[in-house]
Every structure is written in C-alpha cells, then in structure tokens.
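The residues making up each chain are set out below.
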Amino acid sequence: MNKTVPLVKIVVAGDGNVGKTSLIRQYCEGRFEQSRVATIGVDFQTKTVEIKGHIIKLSIWDMAGQIHFQSVRTGLYRGSRTAALVHDITNPESLTHLQGWYEEIIAVVPNQRFLVVGNKIDLQPNYDTSEAKRFAASIKAPYLTTSASTGQGVQKMFLGMAYLALKK
Ligand code: GDP
Ligand code: MG
C-alpha cells in the first residue's frame, strides 16, 4: 500500500535581507548565492526529512519582509506548525523587530512553536548575543545561530523546526 507522507508546514520569518531565502536554499539545494533578488510576496519549497523515525514532508514558506505585504503574510501563516524568527547578527535592528514578527504570527496561529535564529555567523557580530538569548527565552523558544553562506547550523535549524512541529 502506498503510504502518504504527512505534510508539515513551517514558516521562515524576519526582516528583509536577514537571509531567509538563502537559508532555505542552502537547506533544500545545498547552495548559496552572494547576490539575490528580494523575495516578492511568498515562496515555498518542500523537502522530505526523517525525524524521530517518521518520514515527513516539510513545506517551507518563505515570508517576504517588506512591510507592505503584511496583509498577504497574515493569511499565509494559517496551518503552520513552527516558525523560525530570523535576524542578522550584524544588524541589531533585525533582532529588535523579531518581537513584532512574533506578535504578527501568534495572532494568527496561537499555538505556534518558535525557533529564534541568528544568521550570518560567518561575519562579525554587531550586538550582544545575550540579547537574542533573552528574547528567545521570553517567548520560550530555542535559540541557535546559522550561516546560510557556509551552511553552519542550517541542518540543525530545519530539523529543529521539524522536531518542534511534531512535538506533542
Ligand atoms: P531575505 O531577504 O531574508 O530572504 O535575505 P536573502 O536570503 O535574500 O539574503 C540577503 C543578503 O544576505 C544576500 O546578499 C545574501 O547573499 C546574504 N546572506 C544571506 N545569508 C548569509 C550568511 O549567512 N552570511 C553572509 N555572509 N551573507 C548572507
Ligand atoms: Mg527572501
């Protein structure tokens, strides 16, 4: 018998330019591009993973950071299980803005699970990482760092999201 693979929706959110599209690309395609065209609206990719002995298909939604697309984003959060709140460790403002992203998502999906991600760790940080840890703790989310450029932490990020999505 043909068993259907459960589809699990996850979203990657955060300001424009923090590296959301690059993280998804690195995870799904194993490659990185230095210059990219900004995502317009929303985009998604799928990847099949094995987690805790289950095969699931992740549908990974890439949210555009541009504020004028907020009305579009709101509806797209529906049905998502885990959201990554991504900031750029060289841009402190992108961390400050994560509270707003959190509120936008939790308003649509009250039981959403979150992961806080500090991306671009191949570059020099421009803030105190304890602030990111404090924010993550305040929303009861794990915190981890990634580089979409070198691939460091990227598997861990997406497997962590899958794990949180399946957690009872
Ligand atoms: P998005 O707007 O959040 O989707 O960000 P993009 O994925 O389009 O990336 C924005 C810019 O940051 C691009 O020029 C990427 O090449 C660059 N970038 C993304 N991730 C990293 C990273 O981990 N390290 C470095 N050095 N640059 C990155
Ligand atoms: Mg993008």
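Report on the accompanying structure. (Residues numbered from 1 in each chain as written. Chains lettered and ligands numbered in written order. Predicted model: local features only at pLDDT ≥ 70, side-chain atom pairs only at ≥ 80, totals over all residues. Heavy atoms only, no water.)

## Let's talk about the overall build of the protein chain
Regarding its fold elements, the protein chain presents six helices and six strands. Mapped from its N terminus to its C terminus, the protein chain presents α and β elements in the order β-α-β-β-α-β-α-α-β-α-β-α. When the 168 residues of the protein chain are sorted by exposure, 48% land in the buried category. When contacts within the protein chain are restricted to residue pairs at least 6 apart in sequence, those whose partners lie at least 24 apart make up 71%. (Helix = DSSP H or I, 4+ residues; strand = E, 2+ residues; numbered from the N terminus. Buried < 20%, exposed > 50% of the residue type's maximum accessible area, 1.4 Å probe, protein only. Contact = heavy atoms within 4.5 Å.)

## Describing the nonpolar core
Judged by nonpolar contacts, the single largest core of 27 residues is most densely connected at Tyr-27, Ile-56, Leu-58, Ile-60, Val-86, Met-157 and Phe-158. Elements with a minimum of two residues in this core: strand E1 (7-13), helix H1 (20-29), strand E2 (42-51), strand E3 (54-63), strand E4 (82-88), strand E5 (113-119) and helix H6 (154-166). In terms of residue count, H6 provides more of this core than any other element does, eight residues in total. When near neighbours in sequence (up to four residues on either side) are disregarded, Phe-158 contacts Ile-10, Val-12, Leu-23, Ile-24, Tyr-27, Leu-58 and Ile-60. With 24 residues, the next largest nonpolar core counts Ala-13, Trp-101, Ile-105 and Ala-132 among its residues. (Core = buried A, V, L, I, M, F, W, Y, C linked by side-chain atoms within 4.5 Å.)

## Points about helix H4 (residues 98-108)
Considered for burial, the residues of H4 that qualify are Leu-98, Trp-101, Tyr-102, Glu-104, Ile-105 and Val-108. Burial along H4 is one-sided: seen end-on, the buried residues are contained in an arc of 165 degrees. Each element contacted by the buried residues of H4 is listed here: E1, helix H2 (70-76), E4, helix H3 (92-96), E5 and helix H5 (129-138). (Arc of directions from axis to C-beta.)

## Points about unusual backbone geometry
Across the chain, the bulk of peptide bonds are trans and the bulk of non-glycine residues have phi less than zero. Phi is positive for Lys-120, close to 75 degrees, though the residue is something other than glycine. When you line up the elements, Lys-120 lands in the loop between E5 and H5.

## Observations regarding the pairing of E5
Counted residue by residue, E5 has six buried out of seven residues, so it is predominantly covered. This β-α-β element, E5 to H5 to strand E6 (residues 143-145), shows right-handed connectivity. (Right-handed = clockwise from strand over helix to strand, strands pointing away.)

## What to know about the pattern of salt bridges
Applying the stated criterion across every chain, the model contains two salt bridges. Between Arg-31 and Glu-29 there is a salt bridge; the shortest N-O distance is 2.8 Å. The salt bridge involving Lys-120 is made with Asp-88; its shortest N-O contact spans 3.1 Å. Taken as a pair, Lys-120 in the loop between E5 and H5 and Asp-88 in strand E4 lie far apart in primary sequence, 32 residues in all. Accessibility expressed as a relative area gives 6% for Asp-88, which makes it buried. (Salt bridge = Lys/Arg side-chain N within 4 Å of Asp/Glu carboxyl O.)

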